Amino acid sequence: MLTISQVAAAAGVTVRAVRHYHAKGLLLEPERDHSGYRSYDAAAVVDLIKIRILADAGVPLSRVKELLDAGDDDFKLAVAEIDKRLRLEIRELQGHRERIARLVHGDGLALPPEAVAYLERMRELGIPERMIEGERDAWILVAAQQPQSMEAFMRSKVGQLDDPDVVETYRELVAMLDWKPGDPRLESIADRIVSQVEAVSPEDWKAFAEADQAMPPELVALLDSMFVEQIPVARDLMRLVEKRGWTGWTQLERIEK
């Protein structure tokens, strides 16, 4: 869990902005810990990033909540209205207009084109939307903090989708959303994950390692916490993978004997 300072830093906003968004009703007030401090999770970081992007694009805060809560059709109509308004303003606002135009495309709200294409590829392969939503939120966090690394990350991820075993693992992870801790089916999933990892070529491992080095430990920990928060049996699965010689999740590393 994160403090208000940590959640603000992760989303690229100030602590004052977080408190302001609470006051405006844009961000739900989290529960407080035993010491009386607010305690945030990874989902709050995702919400803050979305709010920041809309606000940076010139959307009045009075309309941000409306846009975030709107259905697809109403959302597109609202975006079109904002786009029309920006077209009438001076040349300095052209950059804002281009960002607003991206909102029509859903996933493109907070992700670069290569990440949107990756998510679309997952949909084409029939991976359930529940898994895609989790992937999208994770990559929103990465794109906000490591935009210069997104192209390399996406090349790696798209390449993995060419492997039928990887696609099947995604489907199994969706099924796990409804499992209870201790489910015996986790053993076979741990076997599959380790088998996939150990089948990676030395050249690919080198490329993965270079990409991983661009991701700071704080971001890795945040992504791991998101996995644990979204899937009740995540901790069990990570323990089983560790028993097979690998540790971590976002960045799997072989345990040295």
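This text follows the structure it describes.
Below: a short report on this structure. None of the values given here were measured: they were computed from a predicted structure.

Rules used in this analysis
Residues numbered from 1 in each chain as written. Predicted model: local features only at pLDDT ≥ 70, side-chain atom pairs only at ≥ 80, totals over all residues. Heavy atoms only, no water. Helix = DSSP H or I, 4+ residues; strand = E, 2+ residues; numbered from the N terminus. Buried < 20%, exposed > 50% of the residue type's maximum accessible area, 1.4 Å probe, protein only. Contact = heavy atoms within 4.5 Å. Areas by Shrake-Rupley, 256 points an atom, 1.4 Å probe, with all protein chains shown as cover. Phe/Tyr/Trp six-rings, centres within 6.5 Å; stacked < 30°, edge-to-face > 60°. Expected span 1.5 Å × (residues − 1). Arc of directions from axis to C-beta. Core = buried A, V, L, I, M, F, W, Y, C linked by side-chain atoms within 4.5 Å. Domains from an automatic or database assignment. Salt bridge = Lys/Arg side-chain N within 4 Å of Asp/Glu carboxyl O. Axes fitted to C-alpha atoms, helices over the stretch in contact; angles between N-to-C directions. Parallel < 35°, antiparallel > 145°, perpendicular 65-115°, else oblique. Left-handed = near helix turned anticlockwise from the far one by under 90°.

**Some words on the overall build of the protein chain**
Then, number 1: Scanning the protein chain from N- to C-terminus turns up 14 helices and 2 strands.
Then, number 2: Expressed as a percentage of its 257 residues, the buried residues of the protein chain come to 44%.
Then, number 3: Taking as baseline every contact in the protein chain between residues at least 6 positions apart, the subset at least 24 positions apart corresponds to 63%.
Then, number 4: Entry remark: accessible area of the protein chain is about 14,400 Å², with carbon and sulfur atoms responsible for 51%.

**Things to note about the packing of aromatic side chains**
Then, number 1: Summed over all chains, the structure comprises 2 aromatic pairs.
Then, number 2: Centroid distance tryptophan 139 to phenylalanine 153: 5.8 Å. Interplanar angle 45 degrees. Geometry classified as tilted. Taken together, the residues span a long stretch of sequence, with tryptophan 139 in helix H8 (residues 129-145) and phenylalanine 153 in helix H9 (residues 150-160) at a distance of 14 residues. This pair shows no difference in class: tryptophan 139 is buried, exactly as phenylalanine 153 is.
Then, number 3: Pairing phenylalanine 227 with tryptophan 249 gives two aromatic rings, centres 4.1 Å apart and planes at 5 degrees, and the pair type is stacked. In this pair, phenylalanine 227 sits in helix H13 (residues 217-230) while tryptophan 249 sits in the loop between strand E1 (246-247) and strand E2 (253-254), placing the two residues 22 residues apart along the sequence.

**Focus on helix H5 (residues 72-87)**
Then, number 1: Helix length check: H5, at 16 residues, gives a terminal C-alpha distance of 23 Å against a target of 22 Å (1.5 Å per residue), a fit within 8%.
Then, number 2: Listed in full, the buried residues belonging to H5 are Phe75, Ala78, Val79, Ile82, Asp83 and Leu86. End-on view of H5: buried residues confined to an arc of 140 degrees, all on one side of the axis. In H5, those exposed residues whose orientation departs by more than 90 degrees from the buried face are Asp73, Asp74, Leu77, Glu81, Lys84 and Arg87.

**Details of the nonpolar core**
Generally speaking, soluble globular proteins have nonpolar side chains that are buried together.
Then, number 1: Core analysis: the largest hydrophobic core is formed by 81 residues, its most contacted members being Val45, Met122, Leu141, Met176 and Leu237.
Then, number 2: Top contributing element to this core by residue count: helix H3 (residues 42-56), with 9 residues.
Then, number 3: Taken domain by domain, this core gets at least three of its residues from each of domain 1 (4-103) and domain 2 (112-254).
Then, number 4: Sequence-distant contacts of methionine 176, defined by excluding residues within four places in its chain, comprise Leu186, Ile189, Ile231, Pro232, Val233 and Leu237.

**Quick word on the pattern of salt bridges**
Then, number 1: Tallied over the full model, the rule gives 17 salt bridges.
Then, number 2: A salt bridge links glutamate 172 to arginine 192; its shortest N-O distance comes to 3.1 Å. Here arginine 192 lies in helix H11 (residues 186-198) and glutamate 172 lies in helix H10 (residues 164-176), a separation of 20 residues in the sequence.
Then, number 3: Assessed through its relative accessible area of 17%, glutamate 172 is described here as buried.
Then, number 4: Given a relative accessible area of 23%, arginine 192 falls into the partly exposed group.
Then, number 5: Where salt bridges share partners, they join Glu120, Arg123 and Glu129 into one cluster.

**Focus on the packing of H10 against H11**
Then, number 1: The contact between H10 and H11 brings their axes to 11 Å, and the two run at 150 degrees. Classified by the interaxial angle, the pair formed by H10 and H11 is roughly antiparallel. When the axes of H10 and H11 are compared, the crossing they make is left-handed. Touching Asp165, Val166, Glu168, Thr169, Glu172 and Met176 of H10 are Leu186, Ile189, Arg192, Ile193 and Gln196, all from H11.

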